[in-house]
Amino acid sequence: YTHQAEAWAHVQAGRDPIVVTGTASGKTLCYNLPTIDRLLCDPEARALYLFPTKALAQDQLAVLKKLDATLSEVHGGASISPATYDGDTPSSHRPAIRGSARVLLTNPDMLHLGILPHHPSWDAFFRPLAFVIIDEAHTYRGVFGSHVANVLRRLKRIARFYRASPQFMLTSATIGNPGELGEALVEEPVSLVERDGSPR
C-alpha cells in the first residue's frame, strides 16, 4: 500500500516515521519490512520492539516466528531470531535471549526495570541496535507517556554509550497530534505518514 511504501522511503532515507492509518491497514509491515531487510543485510543488527502489553508482543512474536521460518528456508538458514522478554519469560531462558535474540519484543516497564539497569549484560544487543519500534504510540499519553518518554531517553543514552544510533519507527491509531506525540516520545523529528493507502 502507498503508506507502507512511504514509510519504507522514510526509513531508507534515515528518517524516523510515525504511521497513523486505520485498523488492519498493514501498519505492522511498515516496520517489519525495513527491520527484516536490515537484519538480512547485516548479520549483527538488532531491533527492539516495544508494545504496551504482553499480549500484543506475543501476537507479534507469532507473526515473526512464521516469517523467520520462511526466511530460513529461502535464505539458507538465515534467522532474525525473535524472542519476547517480559515478566513471563522464565529465568532459565533469559541469558540465551540476551545473547542471541536479534528482534527483542518487550514492553516499557520491562525495559525500565529488567533491561536498562542491567545494560552491561545486554552489550551484545545494544552495540548493533539498528531500530527501536514503538507500536500503539497513542497509548503513551499523560503521566504514563511522560514515564515512557523518560525510559526512551535512558535507552538513547545507553545506546550512545555503546556507540549505537538506532532509528525509531512508530505506529499509532488516529489521533489529533500524532507528529507532536511522536516527537515528544523520542525527542527526535518524526516523519508523519497518515495517508492510508489500504483498500476500504
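Heads up: the structure comes first, above all this text.
The following refers to the structure shown. The numbers attached to residues start from 1 for each chain and follow its sequence in the written order. With the structure being a predicted model, the display of local features is reserved for residues of pLDDT at least 70 and the display and counting of side-chain atom pairs for 80 or more, all residues being used for whole-chain, interface and lining totals. Here the side-chain values reflect all heavy atoms present in the structure, with hydrogen atoms and water set aside.

### Quick word on the overall build of the chain
- Secondary structure follows DSSP: runs of H or I at least 4 residues long count as helices, runs of E at least 2 residues long count as strands, and numbering of each begins at the N terminus. Counting its secondary structure elements, the chain contains eight helices and seven strands.
- We take the radius of gyration over the C-alpha atoms and set the globule estimate at 2.2 Å times the residue count to the 0.38 power. Against the globule reference of 16 Å for 200 residues, the chain gives a C-alpha radius of gyration of 16 Å, in line with a compact fold.
- Its C-alpha atoms give the chain principal-axis dimensions of about 45 × 45 × 30 Å.
- Burial here depends on accessible area, computed with a 1.4 Å probe over protein chains only, as a share of the maximum for the residue type. Under 20% is buried, over 50% is exposed, and the range in between is partly exposed. For the chain, the proportion of its 200 residues judged to be buried stands at 48%.
- Counted over contacts in the chain with a minimum sequence separation of 6, partners at least 24 positions apart contribute 70%.
- All accessible-area figures derive from a Shrake-Rupley calculation using a 1.4 Å probe, and residue coverage is judged against the displayed protein chains alone. A total of about 9500 Å² of accessible surface is found on the chain, and carbon and sulfur atoms cover 54% of it. Working rule for contacts: check all heavy atoms of both residues, and any pair within 4.5 Å makes them a contact.

### What about the environment of glycine 182?
- The residue glycine 182 is located in helix α8 (residues 178–186) in this model.
- Judged by its relative accessible area of 0%, glycine 182 is buried.
- Taking the C-alpha atoms as reference, glycine 182 lies 24 Å from glutamine 58; in sequence the two are 124 residues apart.
- Apart from the residues lying within four places of it in its own chain, the contact partners of glycine 182 are Ile18, Leu170, Glu187 and Val190.

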